[in-house]
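# Remarks on the overall topology
These are the residues of each chain, in order.
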Amino acid sequence: MQFKAEIIAAKVELESRGYTVLTPELSEKSNEYLSLPITEQRAVKRTFIKNHFNRIAEADAILVLNYEKKSIGGYIGSNTLMEIGVAASLDKKIYLLYPLYEQGCKEEVMALATTILDGKLATLNLSE
């Protein structure tokens, strides 16, 4: 959750445009599980992931806020790749905020992505 502030800002912007926005767990306590033994950490993380997959199932689309990370533009991490896979399997529209640079999952994500917003959140239009 390195981009929690950006997620919150995008949520506020989209809600101001009339969208209902479902996000991953963003509470201040969401990382407290990291102090637990590893088996308990995994159980908590499993719950977070399953809950988020349920939110994807409720949604009309997903918006991937794929900021640069690890010197990779349009970075897609393992959790995000799983979210994209779930969304695709449920026939959801998949929007990427930024184009993808070279990374291991680029071709798979590009095969599933509906629209790339070129960094312009204001261009998101779910009615298209």
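Residues numbered from 1 in each chain as written. Predicted model: local features only at pLDDT ≥ 70, side-chain atom pairs only at ≥ 80, totals over all residues. Heavy atoms only, no water.

### Points about the overall build of the protein
Secondary structure summary: the protein contains four helices and three strands in total. Secondary structure elements of the protein, listed N to C terminal, follow the sequence α-α-β-α-β-α-β. Relative to the 2.2 N^0.38 estimate, which gives 14 Å for 128 residues, the radius of gyration of the protein is 15 Å and therefore close to what a compact globule would have. Projected onto its principal axes, the C-alpha positions of the protein cover 45 × 35 × 25 Å. The buried share of the protein, taken over its 128 residues, is 34%. (Helix = DSSP H or I, 4+ residues; strand = E, 2+ residues; numbered from the N terminus. Rg over C-alpha atoms; globule rule 2.2 N^0.38 Å. Buried < 20%, exposed > 50% of the residue type's maximum accessible area, 1.4 Å probe, protein only.)

### Section: the confidence of the model for the protein
Taken residue by residue, the protein gives an average pLDDT of 91. The fraction at 70 or more is 95%. Across the protein, strand S2 (residues 93-96) holds the top mean pLDDT of 97, while helix H2 (residues 38-58) sits lowest at 92. (pLDDT = per-residue confidence, 0-100.)

### What about the packing of H2 against helix H3 (residues 78-89)?
Where H2 meets H3, the closest approach of the two axes is 10 Å, and the angle between their N-to-C directions is 35°. Helix-helix and strand crossings are classified by hand; for H2 and H3 the assignment is right-handed. Contacts from Lys-45, Ile-49, His-52, Phe-53 and Ile-56 of H2 reach H3 at Asn-79, Met-82, Glu-83, Val-86 and Ala-87. Split into classes, the residues belonging to the contact of H2 with H3 amount to six nonpolar, two polar and two charged. (Axes fitted to C-alpha atoms, helices over the stretch in contact; angles between N-to-C directions. Left-handed = near helix turned anticlockwise from the far one by under 90°. Contact = heavy atoms within 4.5 Å. Nonpolar A, V, L, I, M, F, W, Y, C, P; charged D, E, K, R; others polar.)

### Thoughts on the pairing of strand S1 (residues 61-64)
Across four bridges, the pairing between S1 and S2 is parallel. Residue pairing in the sheet places Ile-62 in a bridge with Ile-94 of S2. Considered for its hand, the β-α-β crossover made up of S1, H3 and S2 is right-handed. (Pairing = 2+ DSSP bridges. Right-handed = clockwise from strand over helix to strand, strands pointing away.)

### Structural notes on the nonpolar core
Formed by 14 residues in total, the largest nonpolar core has its most connected members in Leu-65 and Leu-97. Ranked by the residues each element gives to this core, the list is headed by helix H1 (residues 4-16), at three residues. In contact with Leu-65, other than residues within four places in its own chain, are Glu-6, Ile-7, Ala-10 and Leu-97. Residues Ile-94, Leu-96, Cys-105 and Val-109 belong to the second largest nonpolar core, which totals 13 residues. (Core = buried A, V, L, I, M, F, W, Y, C linked by side-chain atoms within 4.5 Å.)

### Some remarks on the sheet that holds S2
With parallel pairing, the three strands of this open sheet are ordered in space as S1-S2-S3. Two strands in the sheet have a free side with no partner beyond their single neighbour: S1 and strand S3 (115-116). Packed onto the sheet, H3 meets S1 and S2 and runs at close to 160° relative to S1.

### Some points on the pattern of salt bridges
If charged atoms from side chains of opposite charge come close, those side chains can pair. All chains considered together, the criterion is met by two salt bridges. The partner of Lys-11 in a salt bridge is Glu-15, with the nearest N and O atoms 2.6 Å apart. Taken as a pair, Lys-11 and Glu-15 lie in helix H1 at a separation of four residues, close to a single helical turn. Using a relative accessible area of 24% as the deciding quantity, one classes Lys-11 as partly exposed. Classification of Glu-15 by relative accessible area gives partly exposed; the value is 37%. The shortest N-O distance in the salt bridge between Glu-102 and Lys-106 comes to 3.2 Å. Judged by its relative accessible area of 62%, Glu-102 is exposed. (Salt bridge = Lys/Arg side-chain N within 4 Å of Asp/Glu carboxyl O.)

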